[in-house]
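# Per-entry structural report
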Amino acid sequence: MERTVNHMENLIFSLNATVPIFLLMLLGLFFRKIGWIDEVFASKMNKFVFLVPLPVLLFEDLATVDFSAVWDLKFVLFCFCATFLSIGIAAAVSLFWKDRSVQGEFIQAAYRSSAALLGIAFIQNIYGDAGMAPLMIIGSVPLYNIMAVVVLSFFKPERKKLDREVWISTLKGIVTNPIILGIVAGLLWSALRLPMPSILEKTVSDIGATATPLGLMAMGASFDIKKAFGKAKPAVTAAVMKLVGFAALFLPVAVWLGFREEQLAAILIMLGSATTVSCYVMARNMGHEGVLTSSTVMLTTLFSAFTVTGWLYILRSLALI
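Residues numbered from 1 in each chain as written. Predicted model: local features only at pLDDT ≥ 70, side-chain atom pairs only at ≥ 80, totals over all residues. Heavy atoms only, no water.

Once that is clear, we can look at the overall build of the protein. Within the protein one finds 16 helices and zero strands. Radius of gyration (C-alpha) of the protein: 19 Å, near the 20 Å computed for a compact globule of 321 residues. Expressed as lengths along the three principal axes of its C-alpha atoms, the size of the protein is roughly 55 × 55 × 45 Å. Considering the protein as a whole, with its 321 residues, one finds that 50% of them fall into the buried category. Within the protein, contacts between residues at least 6 apart in sequence are counted, and of these 85% link residues at least 24 apart. Accessible surface, the protein as shown: approximately 15,300 Å² in total, 69% of it carbon and sulfur. One finds the centroid of the 25 positive side-chain charges in the protein at a distance of 10 Å from the centroid of its 20 negative side-chain charges. (Helix = DSSP H or I, 4+ residues; strand = E, 2+ residues; numbered from the N terminus. Rg over C-alpha atoms; globule rule 2.2 N^0.38 Å. Buried < 20%, exposed > 50% of the residue type's maximum accessible area, 1.4 Å probe, protein only. Contact = heavy atoms within 4.5 Å. Areas by Shrake-Rupley, 256 points an atom, 1.4 Å probe, with all protein chains shown as cover. Lys, Arg positive; Asp, Glu negative; His and termini not counted. Charge placed at Lys NZ, Arg CZ, Asp CG, Glu CD.)

Put into structure tokens, the structure is as follows:
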């Protein structure tokens, strides 16, 4: 009897963390269907969240804590190494596709998580703040961006060499990435022990609070079910790797290394959350068709509701989070 109660508690805990996120995405999809949000508005909303509320939310979470207490080099290095190995595995699997034009899209779609938006949303639902998400982002997101450019350039349908201009624009993109800037500003604010006046704190808090609901609704409104089955075989393979494969491979290593609670939740989202929508934008901008990317984004977004709930349930049942 007690065991059944524990199982129910763990399941309810997992559903409380995941269901509100997908309800917001369904709400965005519903608003799109009834015409309150169109494709242009959804795209601008996505951009706005990336430029303003999300960086502000990350700044707020870091600026108000003790920097020396938050920083964890072992955790950041694990996030970096797991991301790097995931990219290598995705590249190796891509060699099985006869159609060389889909390799670049496949690699990027298989490894690149929606770490910032979905990561923060999940961890906020569980712990009430962004927790270890900012440090996970430091360890993984710059590498996501650099490797996306390398992969999409190297495996271009009409391949061009990685010239100086590509490298400069990539580095510039990372240095000026609003999410990275928000994290750096927050870390500096915390390290310098600057005070946060009440008026500023309330304003920052209000702006940051809009990041998750707006971002998730914009994500849902961008969803197109027809595109989800455009390139079925590679898309399904990339989706399985993204939602199950990497988490199954690296979560046991994370547990063995002693990561628990917020750290483990952040690692789970880095490894097993849906492919980020920005993959599609990047693939299109770099001369790829984009069908495989959008298919993988759709499939991972659709099925992550079940897989992430499942992973959380397993970790909770093992008393790891």
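Let us look at the nonpolar core. By size, the foremost hydrophobic cluster in this structure holds 85 residues, and its most contacted members are F75, I137, I267 and L271. Ranked by the residues each element gives to this core, the list is headed by helix α8 (residues 133-154), at 12 residues. In this structure I137 touches L58, A116, I120, P142, I179 and I183, once residues within four positions along its chain are discounted. Core analysis: the next-biggest nonpolar cluster, separate from the first, contains seven residues, I37, A42, M217 and A218 among them. (Core = buried A, V, L, I, M, F, W, Y, C linked by side-chain atoms within 4.5 Å.)

On to the packing of helix α3 (residues 53-63) against helix α7 (residues 117-127). Following both chains from N to C, one finds α3 and α7 inclined at 50°, their axes separated by 11 Å at the closest point. With respect to their mutual orientation, α3 and α7 come out oblique. Every pair of crossing elements has a handedness; the one defined by α3 and α7 is left-handed. Only L117, I120 and Q124 of α7 make contact with α3, whose side of the interface consists of L54, L57 and L58. A per-class count over the contact of α3 with α7 returns five nonpolar, one polar and no charged. (Axes fitted to C-alpha atoms, helices over the stretch in contact; angles between N-to-C directions. Parallel < 35°, antiparallel > 145°, perpendicular 65-115°, else oblique. Left-handed = near helix turned anticlockwise from the far one by under 90°. Nonpolar A, V, L, I, M, F, W, Y, C, P; charged D, E, K, R; others polar.)

Okay, the side chain of S114 next. The residue S114 is located in the loop between α6 (103-111) and α7 in this model. For S114, a relative accessible area of 6% puts it in the buried group. If we skip the residues at most four places from it in the chain, S114 touches G119, M219, S273, A274, T275 and T276.

A few words now on unusual backbone geometry. The backbone of R193 sits at a positive phi, close to 50°, despite the residue not being glycine. With respect to the helices and strands, R193 occurs in the loop between α10 (178-191) and α11 (198-209).

Another point: the pattern of salt bridges. Under the counting rule described, the total for this entry stands at two salt bridges. Ionic pairing is found between E39 and R32, a salt bridge with its closest N-O pair at 3.7 Å. When its relative accessible area of 53% is taken as the criterion, E39 is described as exposed. With a shortest N-O distance of 2.9 Å, K202 and D206 are connected by a salt bridge. On the criterion of helical spacing, the pair formed by K202 and D206 is a turn pair, its members being four residues apart in helix α11. (Salt bridge = Lys/Arg side-chain N within 4 Å of Asp/Glu carboxyl O.)

This part covers empty space enclosed by the protein. Summed over the entire model, instances satisfying the criterion amount to one cavity of 30 Å³ or more. Lining the largest cavity are A82, T83, S86, Y111, S113, Y144, K242, F246, M270 and L271. Contributions of two or more residues to the lining of the largest cavity are made by α5 (73-94), α13 (232-256) and α14 (261-272). The element that contributes the greatest number of residues to the lining of the largest cavity is α5, accounting for three residues. (1 Å grid on protein atoms, 1.4 Å probe; cavity = no way out; pocket = protein on both sides within 12 Å on 5 of 7 lines; lining within 4 Å. Points joined across faces, edges and corners; volume = space filled by probe spheres on them.)

Estimates place the volume of the second largest pocket at around 290 Å³. The wall of the second largest pocket is formed by 15 residues, among which F22, L26, T301, L302 and A305 lie closest to the centre. Broken down by secondary-structure element, the contributors of at least two residues to the lining of the second largest pocket are α1 (2-33) and α16 (291-317). For the lining of the second largest pocket, the element with the most residues is α1, which contributes eight residues. Classifying every residue of the lining of the second largest pocket by side-chain character gives 11 nonpolar, four polar and no charged.

On to the confidence of the model for the protein, then. Summing up the model confidence of the protein, the mean pLDDT is 82 and the portion of residues at 70 or higher is 93%. Within the protein, helix α4 (residues 67-70) has the poorest average pLDDT of any element, 71, and α5 the best, 94. (pLDDT = per-residue confidence, 0-100.)

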